Amino acid sequence: MNSLRVLIVDDHEATRRGLRSLLSSRSDWEVCGEAEDGMEAVEKAIALRPDVVLMDISMPRMNGLDATRVIRRDLPASKVVIVSQNDPAIVRRQALGVNASGCVSKSDLSRELISTLDKLVQKRRSGETADSQGSLAAESDDQKEFPERPAADLELARIERAQAERANALLAAIVDSSDDAIISKNLNGVITSWNEGARRMFGYTAKEAIGRHITLIIPSDRRDEETKILERLKRGERVDHFETIRVRKDGRKLDISLTISPVKDSAGRVVGASKVARDVSDQKQIERTLRESEERFRAIVETTSECVKLVSADGTLLHMNSSGLTMVGADCADEVTGKSFYDLVAANDREKFRAFNEQICRGEKGSLEFDIVGLKGTSRRMETHAAPLRISDGTVVQLGVTRDITERTRAEENLRRSEEKLRELAEELETQVRVRTKELEERNAEVLKQSEQLRELSSRFLQAQDQERRHIARELHDSAGQIVTVLGMNLAQISQQARENAPRIAADLDECRQLAQQLSQEIRTTSYLLYPPLLDETGLQEALRWYIQGLTDRSGLDIRLDVSADFGRLPREMELVVYRLVQECLTNIHRHSGSKTAVIRLVRDGEIFSLEVEDAGKGIPPEKLNLLQLQGAGVGLRGMRERIRPFDGQMNIISNDGGTTISFIFRLPGPPAPSPENIGQEVQGFLE
Ligand SMILES: Nc1ncnc2c1ncn2[C@@H]1O[C@H](COP(=O)(O)OP(=O)(O)OP(=O)(O)O)[C@@H](O)[C@H]1O
Ligand SMILES: [Mg+2]
């Protein structure tokens, strides 16, 4: 196949037309496109993929050599034939330098263009041009592409070209593997090369960037930088580590460090520039963070109310914040910094502070309280917390944060004194309280003892009373009662005799006998009231019935006695107590309640025994009841309590205007109650 697709690149329309007409002589050749400058050439070549590009050199925006480089790199299958008006020898060298496949002088176009292209077609057909490098060396062996060259010259050119290609390849590899963005541009600011690093850094691919103006990556507010850079480049100057901001394809701004070097042609003219851009965003961010952190730290140090200071190992004060300056009475830092801090420490603490400072500068942490005497003679108590700090020159100094504790120390001292005083007072008070407590305890014990004695006395009194009543009752019954009985019997006998002998006296004697009988009756009643013999004789129930009957007769009170079934007998002392309780309750009802009725309930449930005496009277007024509950009044009720105490009994009074109920509960003692037989024997003795 001889077909050929040709892209014509020339800034002159007339030349393009001439080339078109030359090529039209071959029907199987097609002009696939035209471009007016290097940049358009690159764009069209990428778009059209021509077999051959006929490339002029001198063109606006991007020259033909730069465009050829790009096309050969990015489209190795597209061959480039340089078509130039320049000196053929120079053009040839230039063409070799950019890996063009041939060159034709414009003056020889009509003669050589077709044959040069024919040669290319043949080579392509024979496969020689299949190598991706677009081997100008092989092609240039053929004089048709680079005519009129002597063999030695060509050999030299071939070696040079090979070396140049290796160097180019190496350079390209270095450039592409660099992390830095490496960009070249011409003096018009048009990008002519763009490495991988540039793609990573700015986001544009080489295709997108080459041919565009460098302002592609310059933020609008920094465009004037480019003008200045270009001016310096034109003067052949290099721009080193210029830190600026560039913008990525995605709009993100980058902090970069730029190094820009002028690129010169073989004649030493500046034809463009190479830029090496390094992304220093991270470094800038670190610097910013560090600066902010330093500023923050400085602000904290300056605004803290504590003294922050740096003291070197020999005691020289290196830095002190404004709070510290105020504490030491300095009007400005110069009055104290650079001078010995030891001089500010009170003489008695100076050695201690020196040792402390040296210890910190040896790398230990610590804290210390010490006195200072400020520049204006004011003494202060200080408390410092210090840590070692390595400063820029590598030495370790003391970083001390010191607080003025004068007031606190004073307050602590006052507090300590007050506490001391308080403690003394408390101790004194405690002693007094202890003494008083002891007194009270003793007094209390005495009162308890007295009350115990009183209780004992009262109990003995009750016992004595009972014994005495019993004794009197027995005496009345046994002695007076017997005598009166005998007296009665004698009087009856005398009366019998008198009726026969002296009937007048008999009537008087009858009267005397009746009086003696009446007296015997009275003695018996009094004796039974003092101690009813029935209690010992037949037990509590009978004694109570006898007593109730007597009281009913004497008072007209309607009294009911309820006794639970199988009540049986209680221990003797207990029966006497219960009898006395009922006696006292009924007496109270009769004397105080105004009730016409009374109910006595005796209930026995196993070991529990209870007594209840209830009336329907006016009740005990609440305030009086309170006093009675507190055992504050009433000898009768108090006596009842005393009576039940030995039996662990409980007494309770419920009273209101509907009546009063006094109840008692006892637990019967363990040993069985004395048998009725024994009681009978005892009663027998009492009655006889
Ligand atoms: N059933 C009752 N109804 C109304 N008031 C009563 C009743 N029992 C007692 N009181 C009141 O309680 C008071 C105290 O009674 P307590 O038996 O202790 O003393 P007293 O009967 O006044 O005197 P003492 O019993 O020593 O002769 C009585 O004065 C009375 O006011
Ligand atoms: Mg009473």
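All values derive from a computational prediction rather than experimental measurement.

**Considering the overall build of the protein chain**
Right, so step 1: In terms of helices and strands, the protein chain carries 21 helices and 20 strands.
Right, so step 2: Residues classed as buried in the protein chain amount to 28% of the 688 residues present.
Right, so step 3: Residue pairs at least 24 apart in sequence account for 55% of intrachain contacts in the protein chain once pairs closer than 6 positions are excluded.

**Details of the packing of helix H18 (residues 572-593) against helix H20 (residues 635-644)**
Right, so step 1: Two numbers describe how H18 lies on H20: the axes approach to 10 Å, and their chain directions differ by 165°. On the basis of the axis angle, H18 is roughly antiparallel to H20. The two elements H18 and H20 cross, and the hand of that crossing is left-handed. Packed against H18, whose contacting residues are Val-577, Arg-580, Leu-581, Glu-584 and Asn-588, the element H20 presents Gly-636, Gly-639, Met-640, Arg-643 and Ile-644 at the interface.
Right, so step 2: Here the residues of the contact of H18 with H20 sort into 4 nonpolar, 3 polar and 3 charged.

**Considerations on unusual backbone geometry**
Trans peptide bonds make up the majority, and among non-glycine residues the majority have a negative phi.
Right, so step 1: Located in the positive-phi region is Asp-566, a residue other than glycine, with phi close to 55°.
Right, so step 2: Here Asp-566 is to be found in the loop between strand E16 (558-563) and H18.
Right, so step 3: Phi at Asp-648 takes a positive value of approximately 55°, unusual for a residue other than glycine.
Right, so step 4: Tracing the backbone shows Asp-648 in the loop between H20 and strand E19 (650-656).
Right, so step 5: What makes Asp-648 exposed here is the crowd of 10 C-beta atoms within 10 Å.

**What to know about the confidence of the model for the protein chain**
Right, so step 1: This prediction gives the protein chain a mean pLDDT of 84; 89% of its residues lie at or above 70.
Right, so step 2: Segment residues 128-149 is flagged for pLDDT under 50; beyond a separation of four residues in sequence, or across chains, it makes 44 contacts in the model.
Right, so step 3: Every residue in residues 672-688 is under pLDDT 50, and counting partners more than four places away or in other chains gives 17 contacts.

**So, the nonpolar core**
Right, so step 1: Among the nonpolar cores identified, the biggest contains 61 residues, and Ala-41, Val-53, Leu-54, Met-55, Val-81 and Ile-82 are the most heavily contacted of them.
Right, so step 2: Residue contributions to this core peak at 5 residues, all from strand E1 (residues 4-9).
Right, so step 3: Among the domains, domain 1 (4-175) and domain 2 (178-285) are the pair contributing at least three residues each to this core.
Right, so step 4: Other than its neighbours up to four places away in sequence, Leu-54 contacts Val-6, Ile-8, Val-9, Leu-19, Val-81 and Val-83.
Right, so step 5: One finds Leu-544, Met-574, Leu-581 and Phe-609 within the second-largest nonpolar core, a separate group that totals 27 residues.

**Some words on the sheet that holds E19**
The pairing of strands in a sheet happens through backbone hydrogen bonds and is either parallel or antiparallel.
Right, so step 1: Judged by pairing direction, the sheet is mixed, and its 5 strands sit side by side in the order E16-E17-E18-E20-E19 without closing on themselves. A strand with exactly one partner marks an edge of an open sheet, and here the two such strands are E16 and E19. When strand polarity is set aside, the average angle formed by the axes of neighbouring strands in this sheet is 10°.
Right, so step 2: Direction of pairing for strand E17 (residues 597-605) relative to strand E18 (residues 608-615): antiparallel, over a ladder of 8 bridges. Paired with Arg-601 across the strands is Glu-612, a residue of E18.
Right, so step 3: Docked against the sheet, H18 engages E16, E17, E18 and strand E20 (659-667), running at close to 15° with respect to E18.

**Comments concerning helix H15 (residues 503-530)**
Right, so step 1: In a regular helix each residue adds 1.5 Å, so 28 residues correspond to 40 Å; H15 covers 41 Å between its end C-alpha atoms and thus fits that length.
Right, so step 2: Along H15, the residues classified as buried are Leu-509, Ala-516, Ile-523 and Ser-527.
Right, so step 3: Those residues of H15 that are buried are in contact with helix H14 (406-501).

**Things to note about the packing of helix H17 (residues 540-555) against H18**
Right, so step 1: Two elements in contact, H17 and H18, have axes whose closest approach is 10 Å; the angle formed by their N-to-C orientations is 15°. Taken together, the axes of H17 and H18 lie roughly parallel to each other. Of the two possible hands of crossing, H17 and H18 adopt the one that is right-handed. Together, Leu-540, Ala-543, Leu-544, Tyr-547, Leu-551 and Ser-555 of H17 and Glu-575, Val-578, Tyr-579, Val-582, Gln-583, Leu-586 and His-590 of H18 make up the contact between the two elements.
Right, so step 2: Looking at side-chain class alone, the contact of H17 with H18 contains 9 nonpolar, 3 polar and 1 charged residues.

**Concerning the sheet that holds strand E3 (residues 52-55)**
Right, so step 1: Read from one edge of the open sheet, 5 strands run E2-E1-E3-E4-E5, paired in parallel fashion. Of all the strands in the sheet, just strand E2 (29-35) and strand E5 (102-105) have a single pairing partner and so form its edges. Looking at each pair of strands side by side, their axes are set apart by 25° on average, direction ignored.
Right, so step 2: The sheet contact formed by E1 and E3 spans 4 bridges and is parallel. In the sheet register, Val-6 faces E3, and the bridge partner there is Val-52.
Right, so step 3: Packing against the sheet, helix H2 (residues 38-48) makes contact with E1, E2 and E3, and its axis sits at approximately 140° to E2.

**Thoughts on the environment of Ser-84**
Right, so step 1: Mapping Ser-84 onto the fold places it in strand E4 (residues 79-84).
Right, so step 2: For Ser-84, a count of 22 C-beta atoms within 10 Å puts it in the buried group.
Right, so step 3: Remark: the alpha-carbon pair of Ser-84 and Ile-57, spanning 27 residues in sequence, is separated by 6.0 Å.
Right, so step 4: Ser-84 has contacts with Asp-56, Ile-57, Val-91, Cys-103, Ser-105 and Lys-106, leaving out every residue within four places of it along the chain.

**Description of the pairing of E20**
Right, so step 1: Where E18 meets E20, 7 bridges bridge the pair, whose relative direction is antiparallel. Bridging from a neighbouring strand, Val-613 pairs with Ile-662 of E20.
Right, so step 2: When E19 meets E20, the two strands line up antiparallel, connected through 7 bridges. Each bridged residue has a counterpart across the sheet, and for Asn-652 the counterpart in E20 is Ser-663.
Right, so step 3: Counting the residues between successive antiparallel strands, the hairpin from E19 to E20 contains 2 residues.

**Overview of the environment of Thr-68**
Right, so step 1: Mapping Thr-68 onto the fold places it in helix H3 (residues 64-74).
Right, so step 2: With 12 residues separating them along the chain, Thr-68 and Val-80 place their C-alpha atoms 6.7 Å apart.

**Points about the environment of Gln-467**
Right, so step 1: Mapping Gln-467 onto the fold places it in helix H14.
Right, so step 2: A C-alpha to C-alpha distance of 9.0 Å links Gln-467 and Tyr-531, two positions 64 residues apart in sequence.

**Comments concerning the pairing of strand E14 (residues 379-390)**
Right, so step 1: Bridge count for strand E13 (residues 366-373) against E14 is 8 bridges, and the pairing is antiparallel. Of the residues in E14, the one forming a bridge with Ser-367 is His-385.
Right, so step 2: Adjacent in sequence and paired antiparallel, E13 and E14 are bridged by 5 residues, among which Gly-377 carries a positive phi angle near 85°.
Right, so step 3: Across 9 bridges, the pairing between E14 and strand E15 (residues 396-404) is antiparallel. Within the sheet, the bridge partner assigned to Ala-387 lies in E15 and is Leu-399.
Right, so step 4: Count of turn residues in the E14/E15 antiparallel hairpin: 5 residues, of which Gly-394 carries a positive phi of about 90°.

Conventions used here
Residues numbered from 1 in each chain as written. Chains lettered and ligands numbered in written order. Predicted model: local features only at pLDDT ≥ 70, side-chain atom pairs only at ≥ 80, totals over all residues. Helix = DSSP H or I, 4+ residues; strand = E, 2+ residues; numbered from the N terminus. Buried ≥ 20, exposed ≤ 12 C-beta atoms within 10 Å, placed from the backbone. Contact = placed C-beta atoms within 7 Å. Axes fitted to C-alpha atoms, helices over the stretch in contact; angles between N-to-C directions. Parallel < 35°, antiparallel > 145°, perpendicular 65-115°, else oblique. Left-handed = near helix turned anticlockwise from the far one by under 90°. Nonpolar A, V, L, I, M, F, W, Y, C, P; charged D, E, K, R; others polar. pLDDT = per-residue confidence, 0-100. Core = buried A, V, L, I, M, F, W, Y, C linked by C-beta atoms within 7 Å. Domains from an automatic or database assignment. Pairing = 2+ DSSP bridges. Expected span 1.5 Å × (residues − 1).

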